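The chain contents come next:
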Amino acid sequence: MPEPSFVLDGMLGSLTRWLRMMGYDALYLRDLPDADMLRSLEGNERFLLTRDKQLAERAGERGLFISSIVLDEQLALVANEFGLRYLGPWRCTECNGELSPVDKGSVKGEVQECTWRWNDEFWRCARCQKLYWKGAHWDSIKKRMDLVSTAHGNSPR
Ligand SMILES: [Zn+2]
C-alpha cells in the first residue's frame, strides 16, 4: 500500500511542515474557496486535512476534520487515522519538493564553514534548490517524530 498523501488548508501550516519533515507528500493550499479545495482531490489519491468541519464532510471518505489547534494533537489525529512514520529523506518544508542527496564537496562555501565541517550529508530540493542538512535541532525533531509514530502504531487506514 502506498503511503498516503495530503492536501491541507491554510489553517494547518505547522502540520504541513511536520508531515513534510516526516517525508509525506503534503500540499498546502491557502485562501482557496471550498470548491477548489475539493477539486484539488480530483484525479489523485490525496486526503484532505482541514480545520473546516463542513468541508471535511463534503470531502467524504477523503476528508479528515482536524479538530484541534494544538500541533501535537493534530499530529496524533493524523497518526491515528493513517499511521505515520518517518519515511525519510523528508520533503522540502518550503515547497513540498523532493530532496535528493548532494555531494558534500559541491556545497562547500554555500553553508557556514562549521556546518559544512560537522555534517556529512546534504540534500537539495529538486524544485526550489533549498539546501538541507540535519542540523543541531535534528535530534529533538527526530524524537518528536518517533513519538508520533510509536504512540499511534503504523497501521494503514
Ligand atoms: Zn523546495
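The following paragraphs examine the structure supplied in this document. Values in this document were obtained by computation on a predicted structure and should not be read as measured data. (Residues numbered from 1 in each chain as written. Predicted model: local features only at pLDDT ≥ 70, side-chain atom pairs only at ≥ 80, totals over all residues.)

1. Here we look at the overall build of the protein chain
Then, in step 1: Each helix and strand counted, the protein chain has six helices and seven strands in total.
Then, in step 2: Helices and strands in the protein chain line up, N terminus first, as β-α-β-α-β-α-β-α-β-α-β-β-α.
Then, in step 3: For 157 residues, the compact-globule estimate of 2.2 N^0.38 gives 15 Å, and the C-alpha radius of gyration of the protein chain, at 17 Å, lies within 12% of that figure.
Then, in step 4: In the protein chain, 54% of the contacts between residues at least 6 apart in sequence involve partners at least 24 apart. (Helix = DSSP H or I, 4+ residues; strand = E, 2+ residues; numbered from the N terminus. Rg over C-alpha atoms; globule rule 2.2 N^0.38 Å. Contact = placed C-beta atoms within 7 Å.)

2. Structural notes on the nonpolar core
Then, in step 1: In this structure, Phe6, Leu8, Leu15, Leu19, Met22 and Leu49 are the most contacted members of the largest nonpolar core, which totals 26 residues.
Then, in step 2: Not counting residues up to four positions away in its chain, the partners in contact with phenylalanine 6 are Leu19, Tyr24, Ala26, Leu27, Arg46, Phe47 and Leu49. (Core = buried A, V, L, I, M, F, W, Y, C linked by C-beta atoms within 7 Å. Buried ≥ 20, exposed ≤ 12 C-beta atoms within 10 Å, placed from the backbone.)

3. What to know about the sheet that holds strand E1 (residues 6-9)
Then, in step 1: Pairing in this open sheet of four strands is parallel, and the strands run E2-E1-E3-E4 from one edge to the other. Since the sheet does not close on itself, it has two edges, and those belong to strand E2 (26-29) and strand E4 (63-65), each with one partner. Taken pair by pair, the neighbouring strands of this sheet meet at an average axis angle of 20°, ignoring direction.
Then, in step 2: Pairing geometry for E1 and strand E3 (residues 47-50), over three bridges, is parallel. Of the residues in E3, the one forming a bridge with valine 7 is leucine 48.
Then, in step 3: Lying over the sheet, helix H1 (residues 13-21) contacts E1, E2 and E3, oriented at roughly 160° with respect to E2. (Pairing = 2+ DSSP bridges. Axes fitted to C-alpha atoms, helices over the stretch in contact; angles between N-to-C directions.)

4. Comments concerning H1
Then, in step 1: Buried residues dominate H1, accounting for seven of its nine residues.
Then, in step 2: Every buried residue belonging to H1 is among Leu15, Thr16, Arg17, Trp18, Leu19, Arg20 and Met21, and all of these are buried.
Then, in step 3: Positive backbone phi, approximately 105°, marks glycine 23, located one or two places after H1.

5. Comments concerning the sheet that holds strand E6 (residues 122-125)
Then, in step 1: The strand order E5-E6-E7 describes an open sheet built from three strands, whose pairing is antiparallel. With one partner strand each, in any of the chains shown, strand E5 (99-102) and strand E7 (131-132) form the two edges of the open sheet.
Then, in step 2: Here four bridges tie E5 to E6, and the two strands are oriented antiparallel to one another. Within the sheet, the bridge partner assigned to serine 100 lies in E6 and is arginine 124.

6. A short note on the pairing of E6
Then, in step 1: The alternating pattern of E6 places Phe122 and Arg124 on a buried face and Trp123 and Cys125 on a face that is not buried.
Then, in step 2: Bridging between E6 and E7 involves two bridges; their strand directions are antiparallel. Its bridge partner being in E7, tryptophan 123 is matched across the sheet by tyrosine 132.

7. Things to note about the environment of valine 70
Then, in step 1: Turning to its location among the elements, valine 70 is positioned in the loop between E4 and helix H4 (71-82).
Then, in step 2: Between the C-alpha atom of valine 70 and that of glycine 43, which follows or precedes it by 27 residues, the distance is 31 Å.

8. Quick look at the environment of glycine 63
Then, in step 1: On the secondary structure map, glycine 63 appears in strand E4.
Then, in step 2: C-beta crowding within 10 Å serves as the criterion here: with 21 such atoms nearby, glycine 63 is assigned to the buried category.
Then, in step 3: Taking the C-alpha atoms as reference, glycine 63 lies 9.7 Å from leucine 41; in sequence the two are 22 residues apart.
Then, in step 4: Those residues within four positions of glycine 63 in sequence are excluded, and the remaining contacts are Leu48, Thr50, Leu55, Ala56, Glu57 and Arg58.

9. Some words on the packing of H1 against H4
Then, in step 1: Their axes nearest at 10 Å, the elements H1 and H4 cross at an angle of 55°. One element, H1, and the other, H4, form an angle in the oblique class. The chirality of how H1 crosses H4 is right-handed. Residues Ser14, Leu15 and Trp18 of H1 form the contact with H4, whose own contacting residues are Leu71, Gln74 and Leu75.
Then, in step 2: Within the contact of H1 with H4, the residues separate by chemical class into four nonpolar, two polar and no charged. (Parallel < 35°, antiparallel > 145°, perpendicular 65-115°, else oblique. Left-handed = near helix turned anticlockwise from the far one by under 90°. Nonpolar A, V, L, I, M, F, W, Y, C, P; charged D, E, K, R; others polar.)

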